[in-house]
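Report on the structure
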Amino acid sequence: MTSNKEALVLDHNSKIKSIETCDIDGEGKTFKYILIRLLPKEKCLKGYEEKVLVRGYERCYYHGDIFEEVELKLKNAFRMDCLGGGRIKHEHKKLHIYGYSQGYGKGDHELVKALLGKSYPDYRITCSDEGY
């Protein structure tokens with residue numbers, strides 16, 4: 001028999017696996033992105049899985065708009081921390097990660113590159129600290 005906390009961890013871990021790691025706009029666009037860490041709603045859980053997401057949308061004028069959009073969808077299931085942001089230029093089979101967020105600071109571009117590489121294995125992915 002599992003305890004209530006064990007059941008909560010299993011439920012959290014099941015939910016977190018169902019969330020796509022990367023969700024960004026398509027080719028021909030340049031847009032802001034943020035990194036979001038998902039945590040369990042229950043702060044005292046042990047044995048839970050964390051997940052870092054990349055989200056980037058041209059429709060969001062500010063990095064905070066992206067966070068708010070994701071938060072509306074996931075706030076009932078997870079706590080979230082923004083780990084920084086920047087910009088992504090999405091061209092044909094190429095992604096270029098650069099810049100920073102004035103509100104959240106610079107995202108870990110190398111982490112973003114690694115995460116996007118899993119979702120876009122056929123792409124050439126580069127990153128730079130140049131530009132805003």
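Residues numbered from 1 in each chain as written. Predicted model: local features only at pLDDT ≥ 70, side-chain atom pairs only at ≥ 80, totals over all residues. Heavy atoms only, no water.

The subject of this paragraph is the packing of aromatic side chains. Going through the model one piece at a time under the given rule, you end up with 3 aromatic pairs. Pairing Tyr61 with Tyr62 gives two aromatic rings, centres 4.8 Å apart and planes at 90°, and the pair type is edge-to-face. Assigned by exposure class, Tyr61 and Tyr62 land together as exposed. Look at Phe67 and Tyr104: their rings are 6.1 Å apart centre to centre, the planes differ by 50°, and that puts the pair in the tilted class. Within this pair, whereas Phe67 is found in helix α2 (residues 63–74), its partner Tyr104 is found in the loop between β5 (94–98) and α3 (109–119), the two being separated by 37 residues in sequence. A relative accessible area of 32% places Tyr104 in the partly exposed class. Over the face of the ring belonging to Tyr61 we find Lys32, whose NZ or CZ atom lies 5.5 Å from the ring centre. Taking NZ or CZ as reference, Arg59 lies 4.2 Å from the ring centre of Tyr57, over its face. (Phe/Tyr/Trp six-rings, centres within 6.5 Å; stacked < 30°, edge-to-face > 60°. Buried < 20%, exposed > 50% of the residue type's maximum accessible area, 1.4 Å probe, protein only. Helix = DSSP H or I, 4+ residues; strand = E, 2+ residues; numbered from the N terminus. Lys NZ or Arg CZ within 6 Å of the ring centre and 35° of its normal.)

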